[in-house]
Amino acid sequence: MTTLDFTTHTVPLDGKAKISAKNVNLWYGEKQALHNINLEVGENQVTALIGPSGCGKSTFLRCLNRMNDTITSCRIQGDIRIDGDDIYAQALDVVHLRARVGMVFQKPNPFPKSIFENVAYGPRLHGLAESKDHMEHIVKSSLERAGLWKEVSDRLQSPGTGLSGGQQQRLCIARAIAVSPEVILMDEPCSALDPIATAKIEELIDELRENFTIAIVTHSMQQAARVSQRTAFFHLGVLVENGPTEGIFTNPVDKRTQDYVTGRFG
Amino acid sequence: MTDVAGKFTVEPFSASAEKRERFNRLLKKRYAAEARFKMWGIVAVSVAVVFLVLLLGSILLQGASAFSTTKVELELYLDPAVIDPQGTKDPQTIASADYNQILRASMSKLFPEVQGRRERRDMMSLLSSGAAYEVAGHVRDNPDLIGQTIRFEVLTDDLVDMLRKGYIERNVPEADRKLNDFQLGIYDKLVATGALGGAFNTELITTGDSREPENAGLWGAVVGSFLTLVVTLGIAFPLGVMAAVYLEEFAPKNRITDMIEVNINNLAAVPSIVFGLLGLAVFLNFFGMPRSAPVVGGLVLALQALPIIIIASRAAIKAVPPSIREAALGMGASPLQTVMHHTLPLSMPGMLTGAILGMAHALGETAPLLMIGMVAFIVDIPSGFSSPATVLPVQIYLWADSPERAFVEKTSAAIIVLLLFLISMNAIAIYLRKKFERKW
Amino acid sequence: MAATHTVSAFDAELNALKTKVLRMGGIAEANVAAAVQAVMRRDKALAERTITSDQRIDVFDSEISELVTRLLALRQPMAIDLRFIVGTLKIATDLERIGDYAKNIAKRTTAIGTAVPTQPMHAIPRMGEMVLSMVKDVLDALSNEDVEKAVAVRDRDAILDELYNSVFRELLTYMMEDPRTITGCTHLLFIAKNLERIGDHATNMAEAVYYIVTGNRMYNDRPKADVTAEITDPSQIA
Ligand SMILES: Nc1ncnc2c1ncn2[C@@H]1O[C@H](COP(=O)(O)OP(=O)(O)OP(=O)(O)O)[C@@H](O)[C@H]1O
Ligand SMILES: [Mg+2]
């Protein structure tokens, strides 16, 4: 096996960083899945994480809201801060962190409950609604922001699992934004969707950017190019290149990035 | 076939007649294998169905007649002089009067020609030995009837019942027969007057056990089974579910939990009699709990059902898609909240199925209960968890062991009742499962 | 473009595109050479052939646009592939324009007549050679991904512009001295102007090659030496 090339090319972020990861190493058991990752996610920006399958994109994303805590073999080292708060600090509560950093998964995974209950779940969990009316307001505005309200307003009590794939994914986005997180992590949110549903979600991501900071994993370079302002390319657990999206897709610096984005991977 | 580069190339099978031929041969073989497989499947299912039909059929055939009994309608003069000479109307006095005398008077009036002591005794033995209690009960409940003449149906002896159902042959020599010619004569006369006939056997369903087949009923065993299962369910289900949830969702994966897992699986395979011995040693001898009590039976069966419930519940929890768990955790739910809000409700149908399976197992269990004394002859309907009781399978075992001919059909009838019990339990399980599944 | 694509058909299409552009460039180059020669020798037949040959360039141009459109739609190219495809489209447009200028030069073969001063007439083949070497070099640069050659082409454009300026002044002087030469001189002026424009297109192509290979723009303020647009008063001509 050839030795890994650990060089990272970074074009520094010119705005404010919402999340900054420094020297992050991660192991699953004996196997190292992330090698010394240094990445900043800009506030109110969409940052796309791209790279070949198994390169550690999801793993890195899941570090940001400590979803990796649930995997017993997983060991992490390094420093990840959100607005300067160390998210792996003893004092920080995971529940609180996950309320600040929401997540949308690759496969739409609505709870087998009604549409209303799906969206109301987070606010109820964190006690965000003061009254029944307030809760209804939260549910409605979340669905509206997720672009789903028109389609489901007359069947809020029917099961969320009865929606189409694209609608389910938008329901999951509505569920995530109902607790007004600061950051939304999306792991291949469109991988199961048709182009129209994908376009709707991309449009939504662009709108959400105003109020949220978004990190999105995607396998579609076109999608990364369309929705993100910055792109990070991972390869074999190494962050190879990280900079403005336009640069990554028109004029990448590293040969590995070039080969990946042009479809020359072996 | 190789090309220059040494790689294999595959020609389409239609390329040559020889290839087509080979392909067709393979195709035929494949079809034949599939047909054979299907046939064996059908054979296996048919054999199973035949056995089931035979089993159920024989039990139904044998047991159906036990649901009818033979009664004779008598004209009884409720003589105040016999029942309540002082006219106290005291229920105690009324109940303890000598109703056999009244029955005898009634029969003598029907058959004035019967005079001899022996013949009178033979005639009276055609009535059930419990007949006097029936009359006593009726009069105690209706004291106004004293002094009147009433028409009242009393049970006949089980031999009469057997005779009516054709289980006693008339044309064997009198000495080999349980009923003599004189008794047959009386029986025929009673049939001819229309006084004697069949009726639905309510005793079978409503009374406890008895030495007299015509009085023996299942209700005691049914109540005993029910109480035992309530204890079993009440203990095994919550314990099993909690253990399963802990092992699946919270326990660290290490050598200790691995060992616990292996042992639980082994426990499910332990012979049930061992649990009985354990119950005897621990619950009866060590804790000094009452013998023959549903509470002890329930505890023993709970021990036995626990591994089954744990295994089924763990399977049900494993079947809950991890994406739901991730979604809940991602929303900021704690692990306990995730279990309570999502995992448990979603796995409940599977857990219920497991529980019902465990219960059905427990319902049919005899051996461990023998060890803790539930095999005793108990006439009374159990009134609570610690009163002596027996259960349906033990009752079946007891009756199957009894020498009287009438207990043969009763045994089958008890089996039918046991099966009905099981079917209704399964029906409840299916209902609950459907209900939980539909619940959002 | 060292490594090959995972999808080999993509490689084949990119190669086809490159070949087409280079062949189109070859024809354009030949047409420019032929046009200059036809003018110099007043060779009507050669001029005719050059004019008809331009149609081939137009065919190539439309073929290349089609191929580029298909590649963009089907392959969604990124990075160097994207730059190459977009760059070749631009180069094809420039070559098409070059072809048009060659045709325009060839058309003037008969109109130019004989009443032309010989002195400025000598400048035309010099300009032609220069332009031809620029076109040739830029096509080589594209073929070999040679950035230095592309930069050199761009630098030579300044010299070409100088040459054109002097021809312009010279012709202006002739026309002022002897009005009878005006027709011929005007044609010569146009021919010189066309050659100068071809040089500009070669420069554009050099910039495209530079962008394809490096991903960056050649600095926008390229030396501009054609000052004739500012000349209004013949007395300014020194
Ligand atoms: N729970 C786990 N246990 C052990 N190894 C894991 C685990 N999850 C991921 N890995 C390993 O870590 C590496 C990175 O996985 P990760 O899921 O982050 O890849 P990815 O970039 O998201 O890939 P994809 O695009 O296919 O989703 C892979 O080699 C994978 O095998
Ligand atoms: Mg992934």
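Residues numbered from 1 in each chain as written. Chains lettered and ligands numbered in written order. Predicted model: local features only at pLDDT ≥ 70, side-chain atom pairs only at ≥ 80, totals over all residues. Heavy atoms only, no water.

Participant: I would appreciate a short explanation of the pairing of strand S1 (residues 68-77) of chain B in the present structure.
Facilitator: Remember that side chains alternate between the two faces of the sheet whenever the strand is regular. All names here are of chain B. Note that S1 and strand S3 (residues 196-200) share five bridges and pair antiparallel. Each residue of the ladder has a partner; that of Ser68, found in S3, is Phe200. As paired elements, S1 and strand S2 (residues 149-155) share seven bridges and run antiparallel to each other. Paired with Lys71 across the two strands is Leu155, which belongs to S2. (Pairing = 2+ DSSP bridges. Helix = DSSP H or I, 4+ residues; strand = E, 2+ residues; numbered from the N terminus.)

Participant: When you look at the interface of chain C and chain A in this model, what are you seeing that I'm missing?
Facilitator: It is common to give the size of an interface as the accessible area lost on bringing the parts into contact. Taken together, the contacts link 16 residues of chain C with 13 residues of chain A. Both faces combined, the contact of chain C with chain A buries some 1200 Å², and carbon together with sulfur accounts for 47% of it. Notably, a salt bridge pairs Asp81 of chain C with Arg264 of chain A, separated by 2.9 Å at the nearest N-O pair. With five residues, the top contributor of residues to the side of chain C that touches chain A is helix H3 (residues 79-111) of chain C. When its residues are assigned to classes, the side of chain C that touches chain A shows seven nonpolar, seven polar and two charged. (Contact = heavy atoms within 4.5 Å. Buried area = accessible area lost by both parts, 1.4 Å probe. Salt bridge = Lys/Arg side-chain N within 4 Å of Asp/Glu carboxyl O. Nonpolar A, V, L, I, M, F, W, Y, C, P; charged D, E, K, R; others polar.)

Participant: Would you mind going over the side chain of Asp157 of chain B with me for this structure?
Facilitator: Residues and elements named next belong to chain B. You can see Asp157 is positioned in the loop between S2 and helix H7 (158-164). One buried charged residue, Asp157, remains without a salt bridge, the closest side chain of opposite sign being Lys178 at 9.3 Å. Non-local contacts of Asp157, meaning those with residues more than four positions away in its chain, are made with Ser125, Leu126, Leu127, Ser128 and Glu214. (Buried < 20%, exposed > 50% of the residue type's maximum accessible area, 1.4 Å probe, protein only. Lys, Arg positive; Asp, Glu negative; His and termini not counted.)

Participant: Just checking my understanding: could you explain the layout of surface pockets for this structure?
Facilitator: Where empty space is left can be seen by rolling a probe of water-molecule size over the atoms. Here the largest pocket defines a volume of roughly 760 Å³. Along its surface, the largest pocket is lined by 26 residues, and Thr70 and Ile71 of chain A together with Glu249, Arg325 and Leu329 of chain B are the ones closest to its centre. Secondary structure elements with two or more residues in the lining of the largest pocket: helix H2 (94-100) of chain A together with helix H10 (219-250), helix H14 (322-330) and helix H15 (335-363) of chain B. Of the residues assigned to the lining of the largest pocket, the class counts are 13 nonpolar, four polar and nine charged. (1 Å grid on protein atoms, 1.4 Å probe; cavity = no way out; pocket = protein on both sides within 12 Å on 5 of 7 lines; lining within 4 Å. Points joined across faces, edges and corners; volume = space filled by probe spheres on them.)

Participant: Help me understand a nonpolar patch on the surface, please; the structure alone is not making it clear to me.
Facilitator: Residues Met39, Trp40, Val43, Val47, Val50, Phe51 and Leu54 of chain B make up a contiguous nonpolar surface patch of roughly 720 Å² in combined accessible area. The topology assignment puts Phe51 of chain B in helix H1 (residues 17-64). (Patch = residues over 30% accessible without salt bridge, like charges linked within 9 Å, V, L, I, M, F, W, Y side chains within 5 Å. Areas by Shrake-Rupley, 256 points an atom, 1.4 Å probe, with all protein chains shown as cover.)

Participant: Got a minute to help me understand the state of the cysteines in this structure?
Facilitator: Disulfides are covalent bonds that connect the sulfur atoms of two cysteines. Residues and elements named next belong to chain A. Applying the stated rule across the entire model yields zero disulfides over all chains. Left unpaired, Cys172 is separated from the closest cysteine sulfur, that of Cys190, by 12 Å. Cys172 gets classed as buried once you look at its relative accessible area, which sits at 3%. (Disulfide = S-S within 2.5 Å.)

Participant: So what exactly am I meant to see when it comes to the site of ligand 1 here?
Facilitator: All names here are of chain A. With respect to spatial proximity, 13 residues lie near ligand 1, and among them Ser53, Lys57, Ser58, Thr59 and His219 are the closest. At 3.2 Å, a backbone N or O of Cys55 approaches an oxygen atom of ligand 1. In the model, an oxygen atom of ligand 1 is placed 2.5 Å from a nitrogen or oxygen of the Ser58 side chain. Those elements that place two or more of their residues in the shell around ligand 1 are strand S3 (31-42) and helix H1 (57-63). For the shell around ligand 1, the leading source of residues is H1, giving three residues. (Near = heavy atom within 4 Å. Polar contact = N/O pair within 3.5 Å; in protein donor to acceptor, adjacent residues only side chain to side chain.)

Participant: In this structure, what is going on with the sheet that holds S3 of chain B? I would like to understand it.
Facilitator: The strands that make up a sheet pair up through hydrogen bonds in the backbone, lying either parallel or antiparallel. Residue and element names in this part refer to chain B. Strand order in this open sheet of three strands is S2-S1-S3, and the pairing throughout is antiparallel. Looking along the sheet, the strands with just one partner apiece sit at the ends: S2 and S3. For this sheet the average axis-to-axis angle between neighbouring strands, irrespective of direction, equals 40°. (Axes fitted to C-alpha atoms, helices over the stretch in contact; angles between N-to-C directions.)

Participant: What is the right way to read the packing of aromatic side chains from this model?
Facilitator: Considering all chains together, one arrives at six aromatic pairs over all chains under this definition. Measuring from centroid to centroid gives 4.8 Å for Phe111 of chain A and Tyr121 of chain A, while their planes differ by 65°, and the two rings are edge-to-face. Of the two residues, Phe111 of chain A is situated in the loop between strand S7 (101-104) and helix H3 (115-125) and Tyr121 of chain A in helix H3; the sequence distance between them amounts to 10 residues. The class for Tyr121 of chain A is buried, based on a relative accessible area of 7%. Residues Tyr164 of chain C and Phe168 of chain C carry aromatic rings whose centres are separated by 6.2 Å and whose planes lie at 50° to one another, so their mutual orientation is tilted. In this pair, Tyr164 of chain C and Phe168 of chain C both sit in helix H5 (residues 147-177), four residues apart, roughly one turn of the helix. (Phe/Tyr/Trp six-rings, centres within 6.5 Å; stacked < 30°, edge-to-face > 60°.)

Participant: Looking at this model, I keep getting lost on the pattern of salt bridges. Mind explaining?
Facilitator: In a structure, side chains of opposite charge can pair up when their charged atoms sit close to one another. Summed over the entire model, instances satisfying the criterion amount to 48 salt bridges over all chains. Across the pair Asp178 of chain C and Arg180 of chain C runs a salt bridge, and its minimum N-O distance is 3.1 Å. Each of the salt bridges in this network shares a partner with another, and the network as a whole consists of Lys16, Lys18, Glu43, Asp83, Asp85, Arg100 and Glu182 of chain A.

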